[in-house]
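# Examining the three-dimensional arrangement
One-letter residues, chain by chain:
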Amino acid sequence: MMFKLILYRVFQLFVTLPVMVVATVTAGLITVLGSWLGSSRWWGYWPPHYWARICLAVSLVKIKVKGRGNIDKDTSYVFVANHQGAYDIFAVYGYLNHNFKWMMKKELLKFPIVGFSCAAAGHIFVDNSSPAAVRKTMAKAESTLQRGMSLVVFPEGSRSFTGKMRPFRKGAYQLAMEFHLPVVPVTIDGAFDVMPRTAKLPRWGTINLTIHPPVSAPADEADRTRVIAESYEAVHSALPPRHQ
């Protein structure tokens with residue numbers, strides 16, 4: 001096992017890292033240029049989709065998907081997923097197979113290339129600094145979530161330190177309620193073993209993506225509690241005992 005790990009680290013240094021850097025820069029530039037010249041609906045999804053698949057392939061990480069038949073490509077959803085590690089992004093981008101925008105922290109705008117390309121692609125940056133900023137975020141979401149365009153959110157807010165789930169925040173569910181969108185729970189299992197929050201390098205492995213049946217949109221604030229609990233339980237149910 002130690003010999004395999006050494007070989008893998010050498011492979012990472014001379015193959016994985018260079019390919020991921022080139023793929024990230026290339027996908028970012030294509031996304032920015034395409035979104036400026038054409039439609040961010042297409043260019044904001046397909047280049048990153050293949051970027052994610054390339055990064056997974058050169059990391060020797062496999063993806064297994066269950067439940068894709070639970071969603072329709074022409075329907076807009078709010079996808080809520082647990083957040084085990086950095087490779088969650090690659091798994092969702094590469095294998096959800098549904099056009100979407102991320103709901104992300106505005107601080108990510110500061111990241112070179114990634115922040116710039118995400119802004120060009122039309123992802124939704126959350127700004128809670130003032131009531132006016134919140135209204136602007138909601139207006140952006142309303143104009144985006146149409147004609148089958150969906151939203152992906154990690155309602156825990158950040159990556160897990162243990163692989164176990166933390167409570168879900170209400171932000172994603174507020175959008176589902178405002179725009180009458182069904183909520184689709186998504187379980188990510190295996191990303192914590194590939195690259196937990198405390199690791200600096202990934203290792204090979206398999207990530208399981210389970211897409212659960214949609215949960216009806218919250219009717220009001222009281223009903224929002226039901227949807228949060230129901231979607232949390234769905235995500236939690238597909239995790240192995242050690243992460244429950």
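Before reading on, note that the structure itself is shown above.
All values reported here derive from a predicted model rather than from experimental measurement. (Residues numbered from 1 in each chain as written. Predicted model: local features only at pLDDT ≥ 70, side-chain atom pairs only at ≥ 80, totals over all residues. Heavy atoms only, no water.)

## Notes on the overall build of the protein
Heads up, the rule is: The secondary structure listing takes helices from DSSP runs of H or I that are at least 4 residues long and strands from runs of E that are at least 2 residues long, numbered from the N terminus. Only C-alpha atoms enter the radius of gyration; for comparison, a globular chain is expected to reach 2.2 Å times N to the power 0.38, where N is the number of residues. Exposure classes here rest on a 1.4 Å probe applied to the protein chains alone. A residue is buried below 20% of its type maximum, exposed above 50%, and partly exposed in between. Throughout, a contact is declared for two residues whenever any of their heavy atoms are within 4.5 Å. Reported accessibility uses the Shrake-Rupley method at a 1.4 Å probe radius. Residues are deemed covered only where the shown protein chains occlude them. His is not counted, nor are the chain ends, whereas Lys and Arg count as positive and Asp and Glu as negative. By convention, the point assigned to a charge is CZ for Arg, NZ for Lys, CD for Glu and CG for Asp.
From N to C terminus, the protein includes 9 helices and 7 strands. For 244 residues, the compact-globule estimate of 2.2 N^0.38 gives 18 Å, and the protein sits close to it at 18 Å. Across its three principal directions, the C-alpha atoms of the protein cover 55 × 45 × 35 Å. By residue count, 48% of the 244 residues in the protein fall in the buried class. Expressed as a percentage of contacts within the protein between residues at least 6 apart in sequence, the contacts between residues at least 24 apart total 73%. Here the protein has roughly 12300 Å² of accessible surface; of this, 64% comes from carbon and sulfur atoms. If you average the places of the 28 positive and of the 15 negative side-chain charges in the protein, the two averages end up 11 Å apart.

## Points about the pattern of salt bridges
This is how it is decided: What counts as a salt bridge is simple: a side-chain nitrogen of Lys or Arg found within 4 Å of a carboxyl oxygen of Asp or Glu.
Applying the stated rule across the entire model yields 4 salt bridges. Put simply, K73 and D74 hold a salt bridge, and the shortest N to O gap is 3.4 Å. For D74, a relative accessible area of 54% puts it in the exposed group. The residue R242 makes a salt bridge to D193 at a minimum N-O spacing of 2.5 Å. Residue R242 is located in the segment after α9 (221-237), and its partner D193 is located in helix α8 (residues 191-194); the two are separated by 49 residues in the primary sequence. For D193, a relative accessible area of 36% puts it in the partly exposed group. Residues joined by salt bridges that share partners form a network here, namely D223, R226 and E230.

Everything listed is a geometric property; what it means functionally is a separate question.
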